[in-house]
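# Chains, contacts and geometry: an overview
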Amino acid sequence: MKYAFVLAALLATAASGSALAADPAAAAQKAGCMACHTMDKKMVGPAFKDIAAKYKGQGDAVAKLSDKVRKGGSGVWGPIPMPPNAAEKISDADLKDVVGWILKG
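Residues numbered from 1 in each chain as written. Predicted model: local features only at pLDDT ≥ 70, side-chain atom pairs only at ≥ 80, totals over all residues. Heavy atoms only, no water.

The name given to the protein in an unreviewed UniProt entry is C-type cytochrome, and the organism recorded there is Zoogloea dura.

So this is what it looks like as structure tokens:
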């Protein structure tokens with residue numbers, strides 16, 4: 001009985017851990033976002049904290065920014081363009097998680 005309880009607890013922990021396994025910072029790193037962005041200062045692109053501040057309170061910010069990341073663009077933060085980022089580089093789910101993480105500041 002004792003072992004069944006321990007096993008059940010381990011399985012529950014593993015199951016809940018898999019739902020939380022997505023790490024937006026790691027996904028951003030893997031996708032190459034950190035080559036041009038940092039958390040708190042402008043590099044090639046704007047700092048994530050500046051992006052969060054600009055889009056704070058906008059209900060459609062995740063969808064809007066996800067679309068910008070997918071399509072790329074220029075002119076919003078300066079003359080240097082951001083290249084498009086295909087689903088092969090970052091999945092839709094990871095992109096949504098990363099953008100949500102950025103917007104949390």
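### Some points on the environment of Ser66
Stated precisely, the cut-off is as follows: Think of it this way: any DSSP run of H or I at least four residues long counts as a helix, any run of E at least two long counts as a strand, and we number them from the N terminus. Whether two residues are in contact is decided by their heavy atoms: any pair within 4.5 Å suffices.
Among the secondary structure elements, Ser66 is positioned in helix α4 (residues 61-71). Once residues lying within four places of it in the same chain are set aside, the contact partners of Ser66 are Leu95, Lys96 and Val99.

### Describing the nonpolar core
It is characteristic of soluble globular proteins that their nonpolar side chains tend to be buried jointly. Let me state the cut-off plainly: The nonpolar core is taken to be a set of buried Ala, Val, Leu, Ile, Met, Phe, Trp, Tyr and Cys residues, with the residues joined through side-chain atoms within 4.5 Å. Burial classes: relative accessible area under 20% of the type maximum marks a residue as buried, over 50% as exposed, and values in between as partly exposed (1.4 Å probe, protein chains only).
Within the largest apolar cluster, 14 residues are counted, with the highest numbers of intra-cluster contacts made by Ile51, Tyr55, Leu65, Ile90, Leu95, Val98 and Ile102. Every element with two or more residues in this core is listed here: α2 (24-31), α3 (48-55), α4 and α5 (92-103). When residues in this core are grouped by element, the largest group, four residues, is from α5. Setting aside anything within four residues of it in sequence, one finds Leu95 in contact with Ser66, Val69, Arg70 and Ile90.

### A closer look at α3
Quick reminder: α-helices carry 3.6 residues per turn. Residues three or four places apart thus point the same way. Counted only if it meets this: This arc is taken over the directions from the axis of the helix to the C-beta atoms.
Every buried residue of α3 is listed here: Phe48, Ile51, Ala52 and Tyr55. The buried residues of α3 occupy an angular sector of 100° when the element is viewed end-on, so they sit on one face. On the buried face of α3, the contacting elements are α4 and α5. Gly57 lies just past α3 and shows a positive phi near 80°.

### Some points on the layout of surface pockets
Which parts of space are left empty comes out when a probe the size of a water molecule is rolled across the atoms. How we decide: Cavity means a closed set of points on a 1 Å grid over the protein atoms alone, one where a 1.4 Å probe fits but cannot get out, pocket means an open set with protein on both sides within 12 Å along at least 5 of 7 lines, and lining means a residue has an atom within 4 Å of a point. Grid points are joined across faces, edges and corners, and a volume is the space filled by probe spheres set on the points.
By volume, the largest pocket amounts to about 690 Å³. Considering the residues around the largest pocket, the lining is formed by 33 residues, among which His37, Gly45, Pro46, Val69 and Met82 are closest to the centre. Within the residue set of the lining of the largest pocket, elements represented by two or more residues are α3, α4 and α5. Per-element tally for the lining of the largest pocket: the top contributor is α5, with four residues.

### Remarks on a nonpolar patch on the surface
Using the following cut-off: Only residues whose relative accessible area exceeds 30% and that form no salt bridge are eligible for patches; like-charged ones are grouped when within 9 Å, while nonpolar side chains (Val, Leu, Ile, Met, Phe, Trp, Tyr) are grouped when within 5 Å. Per-residue and other accessible areas follow the Shrake-Rupley method at a 1.4 Å probe size, with only the shown protein chains counted as cover for residues. The working definition used for a salt bridge is a side-chain nitrogen of Lys or Arg within 4 Å of a carboxyl oxygen of Asp or Glu.
Residues Met43, Val44 and Ile80 make up a contiguous nonpolar surface patch of about 260 Å² in total accessible area. By relative accessible area, which is 52% here, Ile80 ends up exposed.

### A look at the UniProt feature "binding site: heme c" (unreviewed entry) in the protein
Quick reminder of the rule: UniProt positions are given in the numbering used here, feature names are shortened, and annotations may be inferred rather than shown by experiment.
Residues annotated in UniProt with the feature "binding site: heme c" (unreviewed entry) correspond here to Cys33, His37 and Met82. The named residues occupy 50 residues along the chain; their greatest pairwise C-alpha distance, 10.7 Å, places them in one compact cluster. Cross-referencing the annotated residues with the lining of the largest pocket gives Cys33, His37 and Met82. Assignment of secondary structure puts Cys33 in the loop between α2 and α3. Once you skip the residues sitting within four places of it in the chain, Cys33 turns out to touch Ala28 and Phe48. Note on placement: Met82 falls in the loop between α4 and α5. Overall, Met82 belongs to the partly exposed group, its relative accessible area being 29%. Excluding residues that lie within four positions of it along the chain, Met82 makes contacts with His37, Lys68, Val69, Gly72 and Gly73.

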